[in-house]
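# Architecture at a glance
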Amino acid sequence: MSFFQQPITLGRLQVPNRVWLAPLAGVSDVPFRRICQELGAGLTYVEMLSAVAIQYRNKRTLDMCRRHDQEPVLGVQVTGPSAELVAQAIRYLADFPFDTVDINMGCSVRKVVASGSGSGILSEPERISATAAAAREACACPLTVKTRLGMTRRSISIEDTAQRIARAGVDGFVIHGRTRDERYGAPADRHGIRRGIEAARQAAPGPLVTVGNGDLFDWQAAQTMRDETGCDAVMISRGALGNPWIFRDILSGATRHPTLAEWGDVVLRHLDYQESHYGDTELAAITMRKHLLWYIKGFPFNKVLGEQVGHINRIEEGRGYVRAYLREWPGDLPRFEGACRTDARLGVNSKYDPKWDMHRQHDRGVGGVDGGRAVAG
Ligand SMILES: Cc1cc2nc3c(=O)[nH]c(=O)nc-3n(C[C@H](O)[C@H](O)[C@H](O)COP(=O)(O)O)c2cc1C
């Protein structure tokens, strides 16, 4: 059994493997999570929820808390401007069917940070300790924190943050190897992640699961993350967009780009899940556009298809375009690259920002706040 295939214990939760899907605002909804789970993701998360929105019982936020009965293991992520609000949100969410809770201390979106949520907390070390302690007290299930290396390169604070979080007795800790102001402009810094992991392990009173995140676009990157940081698990973000096969690849330790037939099977299933979750609505189609644009990367003559799927207003329209494309090409045609790459010859484009493929109004994750509900990135 490979390292990533091994089960791992997070608090009292048994997670079946060590390749997890990150909380992704505007992306990690029920349909996408189900696809990733079917392709091997050991743990998936609901999109980041704002503690303020939960306080106001915001309807769209509460809608995001739905769990499909086929979902095996599911976490939720919360962010908030104060320890009290985060703890209150966690207590409220105790009645929802989540297996684990994560506190977001890393979101870099300007308005989120300005309101004191996300990575806004990183400039207030005492609030990191207070929030982790209050969350620990409020949370009856396994608790983790996801954070970054610091606010800027000149103020890397990951060791201090890690110690504060570990001392609060959390069960796990995810580190995205960038600072707040780097966004995607610099490659993920695995040395920084290692420093955080070592500091956390030294400070933790009990077992602590450490998770590496950043620039994981294929199984080799996951292996390097493990080797260079000593993390216990990896969390996949942009690498899963249009490429949910990444979970299967990391678990098996080999890249096997899907054939067109395998691809079609997954894309059509995703369209079905989208329709059954959101109904036969325009919103279902609009929020599916970005996934279709990500899925078509790596197949020949996809420009016209991109134009078509980028404008669908009904799920059935999307099905029609995908089926027509499947009829045009042989089923054993292999995809020549995964997602988030500019070109097979140039390799991974770690500066790629998916928000440019997302819908300004309908997709969370493109920045800004909506009805008191923070959107992440
Ligand atoms: C569309 C999008 C939405 C995101 N939403 C969240 C979120 O809700 N919570 C969170 O902790 N991180 C969020 N992130 C950040 C990622 O989880 C991850 O930390 C970051 O992209 C670095 O990993 P990568 O280089 O492998 O993409 C989001 C990223 C993207 C691209």
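Residues numbered from 1 in each chain as written. Predicted model: local features only at pLDDT ≥ 70, side-chain atom pairs only at ≥ 80, totals over all residues. Heavy atoms only, no water.

## Some remarks on the site of the ligand
- Near the ligand there are 21 residues, and of these Gln77, Tyr184, Asn213, Asp215 and Arg238 occur at the shortest range.
- Within the contact set of the ligand, an oxygen atom lies 3.3 Å away from a backbone nitrogen or oxygen of Met48.
- Taking Arg238, its side chain carries an N or O atom lying 2.7 Å from an oxygen atom of the ligand.
- Look at the ligand: alone it shows 610 Å² of surface, and the protein chains cover 98% of it. (Near = heavy atom within 4 Å. Polar contact = N/O pair within 3.5 Å; in protein donor to acceptor, adjacent residues only side chain to side chain. Areas by Shrake-Rupley, 256 points an atom, 1.4 Å probe, with all protein chains shown as cover.)

## So, helix 7 (residues 158-167)
- Here helix 7 has its buried residues at Ile158, Thr161, Ala162, Arg164, Ile165 and Ala166.
- Note on helix 7: the residue one or two positions beyond its end, Gly169, has a positive phi of about 85 degrees. (Buried < 20%, exposed > 50% of the residue type's maximum accessible area, 1.4 Å probe, protein only. Helix = DSSP H or I, 4+ residues; strand = E, 2+ residues; numbered from the N terminus.)

## Details of the state of the cysteines
- Counted by the stated rule, this structure contains zero disulfides.
- The thiol of Cys107 is not disulfide-bonded; the next cysteine sulfur, from Cys65, is found 17 Å away.
- Cysteine Cys231 is unpaired, with the sulfur of Cys36 as its nearest cysteine sulfur at 19 Å. (Disulfide = S-S within 2.5 Å.)

## Side note on the packing of aromatic side chains
- Applying the stated rule across the entire model yields eight aromatic pairs.
- Relative to Phe4, the ring of Phe3 has its centre 5.1 Å away and its plane inclined at 75 degrees; by these criteria the two rings are edge-to-face.
- Feature note: the residues Trp263, Phe299, Phe301, Tyr325 and Trp329 constitute an aromatic cluster, connected by ring pairs.
- The positively charged end of Arg226 is found above the aromatic ring belonging to Phe3, 3.9 Å away from the centroid. (Phe/Tyr/Trp six-rings, centres within 6.5 Å; stacked < 30°, edge-to-face > 60°. Lys NZ or Arg CZ within 6 Å of the ring centre and 35° of its normal.)

## Let's talk about helix 1 (residues 30-38)
- The buried fraction of helix 1 amounts to eight of the nine residues, a majority that puts the element mostly inside the structure.
- Buried residues of helix 1: Val30, Pro31, Phe32, Arg33, Arg34, Ile35, Cys36 and Gln37, and no others.
- Where helix 1 begins, the capping side chain belongs to Asp29, and its oxygen is found 3.3 Å from the backbone nitrogen of Phe32.
- In the stretch just after helix 1, Gly40 is the one whose phi turns positive, near 120 degrees.

## Some thoughts on the domain arrangement of the protein
- For the protein, the assigned domains are domain 1 (3-255 + 362-374) and domain 2 (260-336).
- Here domain 1 meets domain 2 over a buried area of about 1,700 Å², counting both sides, of which 62% is carbon and sulfur.
- The largest share of the area that domain 1 buries against domain 2 comes from Pro31, Trp245 and His362, three residues that together contribute 29% of it.
- Joining domain 1 to domain 2, the criterion identifies one salt bridge.
- Across the contact surface, domain 1 and domain 2 share six residue pairs in polar contact (both at pLDDT 80 or more).
- It is helix 1 that contributes the most residues to the side of domain 1 that touches domain 2, six residues altogether.
- The residue makeup of the side of domain 1 that touches domain 2, split by class, is nine nonpolar, four polar and six charged. (Domains from an automatic or database assignment. Buried area = accessible area lost by both parts, 1.4 Å probe. Salt bridge = Lys/Arg side-chain N within 4 Å of Asp/Glu carboxyl O. Nonpolar A, V, L, I, M, F, W, Y, C, P; charged D, E, K, R; others polar.)

## A word on the pattern of salt bridges
- What the rule picks out here adds up to 22 salt bridges.
- Here Arg127 makes a salt bridge to Glu124, at a shortest N to O gap of 3.0 Å.
- Classification of Arg127 by relative accessible area gives buried; the value is 13%.
- Glu124 sits in the partly exposed class, given a relative accessible area of 36%.
- The salt bridge partner of Arg190 is Glu228, with a shortest N-O separation of 2.8 Å. Taken together, the positions of Arg190 in helix 8 (residues 190-203) and Glu228 in helix 9 (residues 219-229) put the pair 38 residues apart, joining distant regions of the chain.
- Looking at Arg190, the relative accessible area reads 31%, which means it is partly exposed.

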